[in-house]
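Summary of structural features
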Amino acid sequence: VDDIKARCLKQGYQLSFKTILLSTYGVPQNRKRVFFVAIKGDQIFQFPFPSHAEEKNLFLDKYISIHEAIDDLPIVNPKQYPEGTILDYESTSKNEYQKKLRGISKKVHNHISMQHTDKTIEKFKEIRNKNHDKVYDQNHRLIDKNQISPTITASFYSSFIHYSQNRNLTVREAARIQPFPDNFIFKGNKTTLSKSLLRRKGIYSELFLDQFNQVGNAVPPLFAETLGKELKKFL
C-alpha cells in the first residue's frame with residue numbers, strides 16, 4: 001500500500017483505500033476486498049457509509065442471508081434438465097433484494113444443477129443428515145440458509161452444498177449471491193478442465209473463461225453500483 005500510495009502521489013494523485021466487508025453494503029456473502037481510489041489534486045475521496053449490519057438498527061438494515069437471496073429460484077435436481085435449459089420463475093419475488101435482481105428478466109438462465117452421480121448425491125445426504133456441525137474448509141460445505149454466504153470463489157462449484165437440496169450451487173444462485181442481475185447471462189462452458197491440466201496442455205486462453213470463474217472472479221456489481229454513484233457525486 002505504501003508503494004502504491006507513493007507512486008500515486010508522484011503522479012499528483014491522492015490515494016484512498018479501504019478494506020471492505022461487502023456484506024455491509026448489501027452483498028449477501030462474507031467477501032472482504034481492498035479498494036483503491038486515486039483522485040487527481042488535493043481532495044481525498046471518502047468511501048460510502050455502510051448500509052447493512054449483522055443486526056438491524058436505526059441506521060442500518062440487517063445482512064441479507066443466502067435464502068433471502070435465492071429462495072425464489074426454481075428447485076432443480078441433478079439430471080433433471082439438460083445443460084442450457086432456460087426455466088420459468090415458479091413464484092413471485094419475496095423481498096426487495098430478489099425483486100431488484102430479477103429486474104426486467106422474464107426467464108431464469110444458468111440455473112441447471114451439476115450432473116452429480118448417485119454416489120455424490122448420497123454423500124450430500126449423509127453430510128446433511130449427520131454432519132450439521134462439521135466444517136469443511138474447501139469442498140462440500142453445508143451452508144446455513146440463515147447466514148450470509150461464505151466467499152464465492154472461482155472454483156466454488158464444488159465448495160458448497162445447497163441448504164435444502166442435495167447438490168452444489170448453480171451458476172445463477174452464485175450470481176445472486178455475488179450479485180449479478182438475472183438478465184446477465186453467462187456464456188461458455190459451465191466448467192473447464194482442471195487448471196493444472198490446462199496449463200500442462202498450454203491452453204492458457206481457457207483458464208478463466210468458464211461460467212463459475214466469471215462469477216467468482218467478479219467485483220460484485222451491486223457494490224460497484226454503490227461505489228460508482230459515490231464517485232459520480234464526488235466528481
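Residues numbered from 1 in each chain as written. Predicted model: local features only at pLDDT ≥ 70, side-chain atom pairs only at ≥ 80, totals over all residues. Heavy atoms only, no water.

**Remarks on the nonpolar core**
Grouped together as the largest cluster of nonpolar side chains are 40 residues, with contacts concentrated most on Ile152 and Phe223. Secondary structure elements with two or more residues in this core: strand S2 (32-40), helix H2 (66-70), helix H3 (96-102), helix H5 (171-177), helix H7 (211-216) and helix H8 (221-234). With four residues, H5 is the largest single contributor of residues to this core. (Core = buried A, V, L, I, M, F, W, Y, C linked by side-chain atoms within 4.5 Å. Buried < 20%, exposed > 50% of the residue type's maximum accessible area, 1.4 Å probe, protein only. Helix = DSSP H or I, 4+ residues; strand = E, 2+ residues; numbered from the N terminus.)

**Thoughts on the confidence of the model for the chain**
Note that predicted coordinates carrying low pLDDT should not be read in detail. Residues with a pLDDT of 70 or more make up 89% of the chain, whose mean pLDDT is 89. Element-level mean pLDDT values for the chain span from 66 in helix H6 (residues 195-201) up to 97 in H3. (pLDDT = per-residue confidence, 0-100.)

**Examining the pattern of salt bridges**
Overall, the coordinates contain 14 salt bridges when judged by the stated rule. One salt bridge connects lysine 79 with aspartate 118, and the closest N-O pair in it is separated by 3.2 Å. Here lysine 79 is found in the loop between H2 and H3, whereas its partner aspartate 118 is found in helix H4 (residues 118-130), with 39 residues between them in sequence. Using a relative accessible area of 55% as the deciding quantity, one classes aspartate 118 as exposed. With a shortest N-O distance of 3.5 Å, glutamate 225 and lysine 100 are connected by a salt bridge. In this pair, glutamate 225 is assigned in helix H8 and lysine 100 in helix H3, connecting sequence segments 125 residues apart. The partly exposed category is assigned to glutamate 225, whose relative accessible area is 34%. In this structure lysine 100 comes out as partly exposed when scored by relative accessible area, which is 47%. Salt bridges linked by common partners bring Asp72, Arg102, Arg176 and Asp182 together as one network. (Salt bridge = Lys/Arg side-chain N within 4 Å of Asp/Glu carboxyl O.)

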